[in-house]
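Spelled out from the first residue to the last, the chains are:
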Amino acid sequence: MPEPPRSRHELCRFQHGDLLYRVYLQHDGEISFTVTGDTLRLGLITKEDLHWDWHWTAKLPVVQETALVVNTHAQPLKVLRTVALRLAQYLGRHRPPFFYYRIQDDARRQSLYQRLLQRHAGALRGYSRLVDEDGRFVMFTLQTEATVTP
């Protein structure tokens, strides 16, 4: 199995439904998610790809890692709850100076992320939160005694 690039640090990994989920802290502070496993279930190849021409000039189906943390074949709430719990555990132990995440322009997903943030608010104690006007970019910065205002 290839090693992940040094530009990211793996925070946790867990398995659900024969898929391996990983949560990374990128070198620039972004929290990212990946899932690897059954390429057909992940949508990286289709059933038609499995019947590709066996001719020596034919190209093989592309199989690669995807950045989708939740796909149509997983239980999205269970996966996201596990990601949120593991991230909260990491933040409670390591307290990085800052981190951020981006989400799609989807009001339902943004609402779900808000509920997960409220559930794990204890892990975010001491962090200030900055959200862009669309709600798609959320950055957390660890407050120090010098930056806390009365």
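Here the residue numbers are simple positions, counted from 1 along each chain's written sequence. Totals for whole chains, interfaces and linings use every residue, but because this is a predicted model, local features are given only for residues with pLDDT of at least 70 and side-chain atom pairs only at 80 or more, for both listing and counting. To get the side-chain values, take all heavy atoms of the structure and skip hydrogens and water.

Counting residues in hydrophobic clusters, the biggest one holds 30 residues, and the most contacted among them are Leu 11, Val 23, Ile 31, Leu 91, Phe 99, Tyr 101 and Phe 140. Elements supplying a minimum of two residues to this core: β1 (8–16), β2 (19–26), β3 (31–37), α1 (76–94), β4 (98–102), α2 (107–119) and β6 (137–142). We call two residues in contact when some of their heavy atoms are within 4.5 Å. Residues contacting Phe 140, with those up to four places away along its chain left out, are Pro 97, Phe 98, Phe 99, Tyr 101, Leu 117, Leu 124, Tyr 127, Ser 128 and Arg 129. The nonpolar core is taken to be a set of buried Ala, Val, Leu, Ile, Met, Phe, Trp, Tyr and Cys residues, with the residues joined through side-chain atoms within 4.5 Å. Think of it in three bands: with a 1.4 Å probe and only protein chains considered, a residue is buried below 20% of the maximum accessible area for its type, exposed above 50%, and partly exposed in between. For helices the rule is a DSSP run of H or I covering at least 4 residues; for strands it is a run of E covering at least 2, with both sets numbered from the N terminus onward.

What pLDDT expresses is the predictor's confidence in each residue, scored from 0 to 100. With 67% of its residues at a pLDDT of 70 or more, the chain has an overall mean of 76. Scored below 50 in pLDDT, residues 60–69 makes 27 contacts in the model with residues more than four places away or belonging to other chains.

Turning our attention to the pattern of salt bridges. Any Lys or Arg side-chain nitrogen found within 4 Å of a carboxyl oxygen on Asp or Glu counts as a salt bridge. Considering all chains together, one arrives at four salt bridges under this definition. Where Arg 22 meets Glu 10, a salt bridge forms, and the shortest distance between an N and an O atom there is 3.5 Å. Note that Arg 22 is positioned in strand β2 and Glu 10 in strand β1, a separation of twelve residues in sequence. Notably, a salt bridge pairs Glu 30 with Arg 102, separated by 2.7 Å at the nearest N-O pair. Placement of Glu 30 in the loop between β2 and β3 and of Arg 102 in strand β4 is noted, with a sequence separation of 72 residues between them.

The sheet built from three strands is open, its strands ordered β4-β6-β5 with antiparallel pairing. The strands lining the two open edges of the sheet, one partner per strand, are β4 and β5 (127–131). Adjacent strand axes in the sheet meet at a mean angle of 15 degrees when their direction is disregarded. Pairing between two strands requires that DSSP report at least two bridges joining them. Bridge count between β4 and β6: five bridges; the pairing is antiparallel. The partner of Tyr 101 across the bridge, within β6, is Val 138. Interaxial angles span 0 to 180 degrees and are taken between N-to-C directions of axes, which are lines fitted to C-alpha atoms, for helices over the stretch in contact.

Another point: the environment of Gln 114. Relative to the elements of secondary structure, Gln 114 occurs in helix α2. Side-chain polar atoms of Gln 114 contact the side chain of Arg 129, separated by 3.4 Å. We call two N or O atoms a polar contact when they sit within 3.5 Å, provided that within protein one can donate a hydrogen and the other can accept it, with sequence-adjacent residues counted only if both atoms are side-chain atoms.

Strand order in the open sheet formed by three strands is β1-β2-β3, with antiparallel pairing between adjacent strands. Edge strands, defined here as strands with exactly one partner in the open sheet, are β1 and β3. Across the sheet, the mean angle from the axis of one strand to that of its neighbour is 20 degrees, orientation sign disregarded. In this sheet, β2 lies alongside β1 in antiparallel orientation, the contact comprising eight bridges. Considered in β2, the bridge of Gln 15 is made with Leu 20. Strands in contact with α1 are β1, β2 and β3; relative to β1, the strand with the most contacts, it is inclined by about 140 degrees.

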